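Breakdown of the fold
Here is how the chains run, residue by residue.
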Amino acid sequence: MGKNKIWKIKSYEGSFTDEEVVEMIKNGQLKGEDALSSRDMKKWVKIEDSIYQFYLEDKENETI
């Protein structure tokens, strides 16, 4: 990845980097039902439906 995408998080002010989003998920600040969007996206996507789902605590269905 050349540059970090800047994410907006529903119910949060400001923009966030990929690393910040991952940290917020790991710290429990964000849950699967929280939603993300970026300038390139036309709608909000729940974290549980995004690539960030793999950072959520419930990993019982994860394959390696």
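The following paragraphs examine the structure supplied in this document. Source: prediction; values computed, not measured. Within each chain, residues carry numbers counting from 1 in the order of the written sequence. The model is predicted, so local features are restricted to residues of pLDDT at least 70 and side-chain atom pairs to those at 80 or more, both for listing and for counting; the totals for chains, interfaces and linings are taken over all residues. As a convention, hydrogens and water are excluded, and side-chain values are obtained from all of the structure's heavy atoms.

Side note on the side chain of S50
Among the secondary structure elements, S50 is positioned in the segment after β3 (45–46). Here the side chain of S50 touches Y52 through a polar contact of 3.1 Å, landing on its backbone nitrogen. Only heavy atoms enter the contact rule, under which two residues are in contact if any of them lie within 4.5 Å. Those residues in contact with S50 that lie beyond four places of it in its chain are L36 and V45. Secondary structure elements follow DSSP: runs of H or I of four or more residues count as helices, runs of E of two or more count as strands, with numbering from the N terminus. Here a polar contact is taken to be a pair of N or O atoms separated by no more than 3.5 Å, where protein atoms must pair a possible hydrogen donor with a possible acceptor and residues adjacent in sequence count only if both atoms sit in side chains.

Here we look at the nonpolar core
Nine residue types can take part in a nonpolar core, namely buried Ala, Val, Leu, Ile, Met, Phe, Trp, Tyr and Cys, and a core is a set of them joined through side-chain atoms within 4.5 Å. The buried label goes to any residue with under 20% of its type's maximum accessible area, the exposed label to any with over 50%, and the partly exposed label to all in between, with areas taken from a 1.4 Å probe on protein chains only. One finds W7, I9, F16, V21, V22, M24, I25, L30, L36, I47, Y52 and L56 forming the largest nonpolar core, which totals 12 residues. For this core, the leading source of residues is helix α1 (residues 18–26), giving four residues.

Observations regarding the sheet that holds strand β2 (residues 35–37)
With respect to topology, three strands assemble into an open sheet ordered β1-β2-β3, the strand pairing being antiparallel. Edge positions in the open sheet fall to β1 (8–9) and β3, since each of these has one partner strand only. Two strands pair when backbone bridges link them, and β1 and β2 are joined in this way by two bridges, in the antiparallel orientation. Bridge assignment links I9 to a residue of β2, and that residue is L36. Two strands form a pair only when DSSP identifies at least two bridges running between them.

Comments concerning the environment of R39
Tracing the backbone through its elements, the reader meets R39 in the loop between β2 and β3. Classification of R39 by relative accessible area gives exposed; the value is 79%. When the C-alpha positions of R39 and I6 are compared, they lie 7.9 Å apart, and in sequence the two are 33 residues distant.

Concerning the side chain of D18
Note on placement: D18 falls in helix α1. A polar atom in the side chain of D18 sits 2.7 Å from the side chain of W7.

Observations regarding α1
A turn of α-helix holds 3.6 residues, and therefore any two residues three or four places apart point the same way. Within α1, the full set of buried residues consists of D18, V21, V22, M24 and I25. For α1, the angular spread of the buried residues around the axis is 160°, confining them to a single face. For α1, the secondary structure elements touched by its buried residues are β1 and β2. Trailing α1 by a residue or two, G28 shows a phi angle of about 85°, which is positive. Taking the helix axis as origin, the arc is that swept by the directions to the C-beta atoms.

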